[in-house]
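# Survey of secondary and tertiary structure
Here is what each chain is made of, one letter per residue.
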Amino acid sequence: DAKTTQPPSMDCAEGRAANLPCNHSTISGNEYVYWYRQIHSQGPQYIIHGLKNNETNEMASLIITEDRKSSTLILPHATLRDTAVYYCIVRAYSGNTPLVFGKGTRLSVIA
Amino acid sequence: DGGITQSPKYLFRKEGQNVTLSCEQNLNHDAMYWYRQDPGQGLRLIYYSQIVNDFQKGDIAEGYSVSREKKESFPLTVTSAQKNPTAFYLCASSTRFGGGADTQYFGPGTRLTVL
């Protein structure tokens, strides 16, 4: 069963912020939110993860709502090289739970 | 450079032949994984290994086999029993299996075509 819901595709103008939403309404208290991306014909790349606080790193920011039922990945200044499929994944902190990849959101950055 | 290598990048085989895909990591990671990806689809887990000499089936293990005799190596054999083996195969590793703060690192993938 899918634990996350993402739009199948989005467009973003180059230089603008890309905001990728993810719904995870059944998330449990011990589950983290992970984001990965996959550029065409390459292996997925880890972006960021969080539990309940907003997180930021050199690639992106992760905003998690207070009720933790949804989150948004923000690429502050999208470039053409950010064109990829973005996967939002939830996984429990402990236990034998591998990552489960859905179909993700295909982000197209347009010049 | 530390990382995960998969070879070859492209592989062609005749139907009915077994084929082994290589995956090597020099990250000193305990856990390793194999995924399959079909066009326009997400990744599906085939097998994973938490530690040397241990592995478990994932969601689509039928027709595949693995071994984990060394920490750095996790080869995947696609057997003739796999009914639709043509796909993109990805190997990954992580410091340990499970755990909220753990992340997986992926290799470049092998694209297998069965003729």
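Thresholds, definitions, all that
- Residues numbered from 1 in each chain as written.
- Chains lettered and ligands numbered in written order.
- Predicted model: local features only at pLDDT ≥ 70, side-chain atom pairs only at ≥ 80, totals over all residues.
- Heavy atoms only, no water.
- Salt bridge = Lys/Arg side-chain N within 4 Å of Asp/Glu carboxyl O.
- Helix = DSSP H or I, 4+ residues; strand = E, 2+ residues; numbered from the N terminus.
- Buried < 20%, exposed > 50% of the residue type's maximum accessible area, 1.4 Å probe, protein only.
- Contact = heavy atoms within 4.5 Å.
- Buried area = accessible area lost by both parts, 1.4 Å probe.
- Polar contact = N/O pair within 3.5 Å; in protein donor to acceptor, adjacent residues only side chain to side chain.
- Nonpolar A, V, L, I, M, F, W, Y, C, P; charged D, E, K, R; others polar.
- Pairing = 2+ DSSP bridges.
- Axes fitted to C-alpha atoms, helices over the stretch in contact; angles between N-to-C directions.

In this section: the pattern of salt bridges. Residues and elements named next belong to chain B. Summed over all chains, the structure comprises five salt bridges over all chains. Between Asp30 and Lys71 there is a salt bridge, and its shortest N-O distance comes to 3.4 Å. With Asp30 in the loop between β3 (19-25) and β4 (31-37) and Lys71 in the loop between β7 (64-66) and β8 (76-78), this residue pair connects regions lying 41 residues apart in the sequence. Taking relative accessible area as the criterion, Lys71 reaches 26% and is therefore assigned partly exposed. Close ionic contact of Asp38 with Arg44 constitutes a salt bridge, the shortest N to O distance being 2.8 Å. The class for Asp38 is buried, based on a relative accessible area of 15%. Each of the salt bridges in this network shares a partner with another, and the network as a whole consists of Arg36, Asp38 and Arg44.

At the interface, 22 residues of chain A touch 24 residues of chain B. Across the chain A to chain B interface the summed buried area is about 1,800 Å²; carbon plus sulfur atoms make up 52%. The interface formed by chain A and chain B includes zero salt bridges. Summed over the shared surface of chain A and chain B, the result is four residue pairs in polar contact (both at pLDDT 80 or more). Those elements giving two or more residues to the side of chain A that touches chain B turn out to be β3 (31-38), β4 (45-50) and β8 (84-92) of chain A. Top contributing element to the side of chain A that touches chain B by residue count: β3(A), with four residues. Among the residues making up the side of chain A that touches chain B, the classes are represented as 11 nonpolar, nine polar and two charged.

Before going further, it helps to examine the sheet that holds β8(A). Residue and element names in this part refer to chain A. The mixed open sheet is built from five strands, whose spatial order is β1-β9-β8-β3-β4. Edge positions in the sheet fall to β1 (9-13) and β4, since each has one partner strand and no second. On average, adjacent strands in this sheet sit at an angle of 25° to one another, irrespective of strand direction. Examined bridge by bridge, β1 and strand β9 (residues 105-110) share five bridges and lie parallel to one another. Within the sheet, the bridge partner assigned to Asp11 lies in β9 and is Ser108.

Attention shifts here to the sheet that holds β3(B). Residue and element names in this part refer to chain B. Taken together, four strands build an open sheet; the order of strands is β1-β3-β8-β7 and the sheet is antiparallel. Across the chains shown, the open sheet's two edge strands, defined by having one partner strand only, are β1 (4-7) and β7. The mean angle between the axes of side-by-side strands here comes to 20°, regardless of whether they run parallel or antiparallel. Inspection of the sheet shows β1 paired to β3 by four bridges, in the antiparallel sense. Each bridged residue has a counterpart across the sheet, and for Gln6 the counterpart in β3 is Cys23.

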